[in-house]
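Residue-level structural notes
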Amino acid sequence: MKISFDLDDVLFVSPDNYEVEPELRFPLNRMFPERLRKGTVRLIHELQDRGFEVWVYTSSFRSEVYIRTLFRYYNIRFSQIVNGYRHKAEVQGNRTTLLPQKLPNHYRISLHIDDEDVIMENSKIYGFRVFRVLEPDDMWVEKVLDEAERVRKLEENS
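Okay, so let's go over this structure. (Residues numbered from 1 in each chain as written. Predicted model: local features only at pLDDT ≥ 70, side-chain atom pairs only at ≥ 80, totals over all residues. Heavy atoms only, no water.)

Moving on: the environment of Leu24. As for its position among the elements, Leu24 is in the loop between β1 (2–5) and α1 (28–31). Taking the C-alpha atoms as reference, Leu24 lies 34 Å from Arg152; in sequence the two are 128 residues apart. Those residues in contact with Leu24 that sit more than four places away from it in its chain are Asn29, Phe32, Tyr73 and Tyr74. (Helix = DSSP H or I, 4+ residues; strand = E, 2+ residues; numbered from the N terminus. Contact = heavy atoms within 4.5 Å.)

One key point about sheets: their strands pair by backbone hydrogen bonds, in either a parallel or an antiparallel sense. The strand order across the open sheet formed by five strands is β3-β2-β1-β4-β5, and the pairing between neighbours is parallel. Edge positions in the sheet fall to β3 (80–82) and β5 (130–132), since each of these pairs with one other strand and no more. Averaged over all pairs of adjacent strands, the angle between their axes in this sheet comes to 25°, without regard to strand direction. Across three bridges, β1 lies against strand β4 (residues 111–114) in parallel orientation. Among the inter-strand pairings, Ile3 is bridged to a residue of β4, identified as Leu111. Packed onto the sheet, helix α5 (residues 117–126) meets β4 and β5 and runs at close to 150° relative to β5. The strands touched by helix α6 (residues 140–156) within the sheet are β1, β4 and β5, with β4 carrying the most contacts at an inclination of about 160°. (Pairing = 2+ DSSP bridges. Axes fitted to C-alpha atoms, helices over the stretch in contact; angles between N-to-C directions.)

Bringing the pairing of strand β2 (residues 53–57) into the picture now. A large share of β2 lies buried, amounting to four of its five residues. As paired elements, β1 and β2 share four bridges and run parallel to each other. Across the sheet, residue Ser4 finds its bridge partner in β2, namely Trp55. Note that β2 and β3 share three bridges and pair parallel. (Buried < 20%, exposed > 50% of the residue type's maximum accessible area, 1.4 Å probe, protein only.)

Turning our eyes to something else, we now look at the packing of aromatic side chains. Scanning the model with the defined rule gives seven aromatic pairs in all. Judged by centre distance (5.0 Å) and plane angle (45°), the ring pair of Phe32 and Tyr66 falls under tilted. Taken together, the positions of Phe32 in the loop between α1 and α2 (40–49) and Tyr66 in helix α3 (residues 64–72) put the pair 34 residues apart, joining distant regions of the chain. Note on Phe32: relative accessible area 7%, which makes it buried. The interplanar angle of 85° and the centroid separation of 5.7 Å between the aromatic rings of Tyr57 and Tyr107 together place this pair among those described as edge-to-face. With a gap of 50 residues between them, Tyr57 in strand β2 and Tyr107 in the loop between α4 (84–92) and β4 connect regions that are remote in the sequence. (Phe/Tyr/Trp six-rings, centres within 6.5 Å; stacked < 30°, edge-to-face > 60°.)

What follows is the structure, encoded as structure tokens:
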């Protein structure tokens, strides 16, 4: 089963508002200024240990190399990364009708983790599952793990 994560305000957060993972050492912290939400490393490793395929699906235009390299310093490897460029090429393509900024079911992603209202609305219109992560929450890792297991059971029983 595939699970995808948005980056901004889900995995990448401001240390002014959230507890964060330890900062990378100099000079890496200058090359990669984003800070990971506390629990990100444990969550992704736990999902992978449970057999989930973990993706990044972001509307940002950060390069795949940048994203992979940053997370490699935290010993995280993603199965796939869909950024704004890839989404535009593979999902939007030459269609004249504008599609949503994320369409996880195009990639057969079973559950997408995001923070945006528009993604929640689009999930109802386009028929994909999304779990919303918002404000700081000490239980966010457990909530995502519980939702991943719930969706896995739904898929196994369908």
